[in-house]
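Topology and contacts: notes
Take a look at the letters that make up each chain.
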Amino acid sequence: PSIPYRETITADTEVHARYKHQTGGHGQFADIWLRIKACERGHGITFCEEIVGGVVPRQFFSAVEKGVREALQHGPVAGFPVMDVHVTLFDGTYHAVDSSEAAFKTAGSMAIRDGLARCNPVLLEPLVRVQTVVPTEYVSAAIQQLTAKRAQILGFEPTDRAGYDAVHALVPQAELPRYITELRTATAGFGTYSWRHERFDIAPERVVANVRSNSSSNNVLDHSTT
């Protein structure tokens with residue numbers, strides 16, 4: 001199953017982007033400055049403008065925001081959506097004839113792609129809260145299995161079912177695809193578990209390397225079949 005990785009940034013920056021394209025008729029021109037700020041987990045993606053003196057006309061604000069949001073769908077680490085970022089449009093210039101919404105949208109995307117790389121981007125992996133229910137004699141085996149999956153054991157307690165205990169843990173979701181088979185093998189077929197999403201945490205470097213490798217392999221496969 002696909003793991004819903006995300007990306008975010010851990011530093012702030014200011015970035016300038018200028019889009020200028022000349023064709024046979026009217027050209028395309030947009031020039032903007034963005035401030036990109038890392039936010040706390042759960043903040044989401046927010047956008048605002050602090051334009052003074054009309055250096056960027058108001059009718060182009062939404063185009064810049066659209067370009068920003070589209071660019072944030074593909075992060076610089078492994079191409080996953082970026083979360084928890086605040087972007088401010090605070091300066092720029094325009095051309096009375098050649099500027100358009102399309103040009104400012106393109107400039108917004110360019111600025112984000114250039115700026116994110118300067119903001120110490122990181123990969124986020126989803127952590128899930130797991131409740132594993134096993135016969136009491138298998139609690140130790142269940143804890144060992146979860147620990148091997150990079151789990152943080154939160155504790156264990158008796159259940160309403162006589163002779164069964166519940167082990168609670170936070171586990172990276174990427175560690176779960178084969179867990180039910182392994183659990184039942186270790187508990188003579190009696191172990192069960194349930195889970196729900198808890199939060200995103202920064203992934204360790206070896207996970208980042210593996211995700212990047214898989215992403216590159218998928219891209220090669222996609223190109224080879226088109």
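We now turn to the structure provided with this report. (Residues numbered from 1 in each chain as written. Predicted model: local features only at pLDDT ≥ 70, side-chain atom pairs only at ≥ 80, totals over all residues. Heavy atoms only, no water.)

1. Observations concerning the packing of aromatic side chains
Within the structure shown, the criterion is met by 4 aromatic pairs. Between Y179 and Y193 the ring centres are 4.8 Å apart and the planes differ by 55 degrees, which places this aromatic pair in the tilted class. Within this pair, whereas Y179 is found in helix α4 (residues 179-186), its partner Y193 is found in strand β9 (residues 192-202), the two being separated by 14 residues in sequence. A relative accessible area of 0% means that Y179 is categorised as buried. For Y193, a relative accessible area of 23% puts it in the partly exposed group. Looking at R35, its charged tip hangs above the ring of F90, at a distance of 4.3 Å from the centre. One Lys or Arg, R161, reaches over the ring of Y164 and ends 3.9 Å from the middle of that ring. (Phe/Tyr/Trp six-rings, centres within 6.5 Å; stacked < 30°, edge-to-face > 60°. Helix = DSSP H or I, 4+ residues; strand = E, 2+ residues; numbered from the N terminus. Buried < 20%, exposed > 50% of the residue type's maximum accessible area, 1.4 Å probe, protein only. Lys NZ or Arg CZ within 6 Å of the ring centre and 35° of its normal.)

2. Observations concerning the packing of helix α1 (residues 61-71) against helix α2 (residues 101-116)
Packing of α1 against α2 leaves a shortest axis separation of 7 Å and a crossing angle of 40 degrees. Regarding the angle of α1 to α2, the classification is oblique. For the element pair α1 and α2, the recorded crossing hand is right-handed. Here α1 contributes A63, V64, K66, G67, V68, E70 and A71 to the contact with α2, which in turn contributes E101, F104, K105, G108, S109 and I112. (Axes fitted to C-alpha atoms, helices over the stretch in contact; angles between N-to-C directions. Parallel < 35°, antiparallel > 145°, perpendicular 65-115°, else oblique. Left-handed = near helix turned anticlockwise from the far one by under 90°. Contact = heavy atoms within 4.5 Å.)

3. Some thoughts on α2
Under the 1.5 Å per step criterion, the end-to-end length of α2 is 23 Å for 16 residues, consistent within 8% with the ideal 22 Å. Among the residues of α2, those classed as buried are A103, F104, A107, G108, S109, A111, I112, G115 and L116. Against the buried residues of α2 lie β1 (6-9), β2 (13-21), β3 (28-38), α1, β5 (85-93) and β6 (121-135). (Expected span 1.5 Å × (residues − 1).)

4. Observations concerning the sheet that holds β2
In space, the 4 strands of this open sheet follow the order β2-β3-β5-β4, with mixed pairing throughout. Each end of this open sheet is capped by a strand with a single partner; those strands are β2 and β4 (45-49). Within the sheet, the average angular offset between the axes of one strand and its neighbour, ignoring direction, is 25 degrees. Bridge count between β2 and β3: 9 bridges; the pairing is antiparallel. Considered in β3, the bridge of A17 is made with I32. Helix-sheet contacts for α2 involve β2, β3 and β5, and the interaxial angle to β3 is about 40 degrees. (Pairing = 2+ DSSP bridges.)

5. Remarks on the environment of K105
Tracing the backbone through its elements, the reader meets K105 in helix α2. Among the residues examined, K105 registers a relative accessible area of 26% and is labelled partly exposed. Considering only alpha carbons, one finds K105 and V167, 62 residues apart in sequence, at a separation of 50 Å. Residues in contact with K105, not counting those within four places in the same chain, are A63, K66, G67 and E70.

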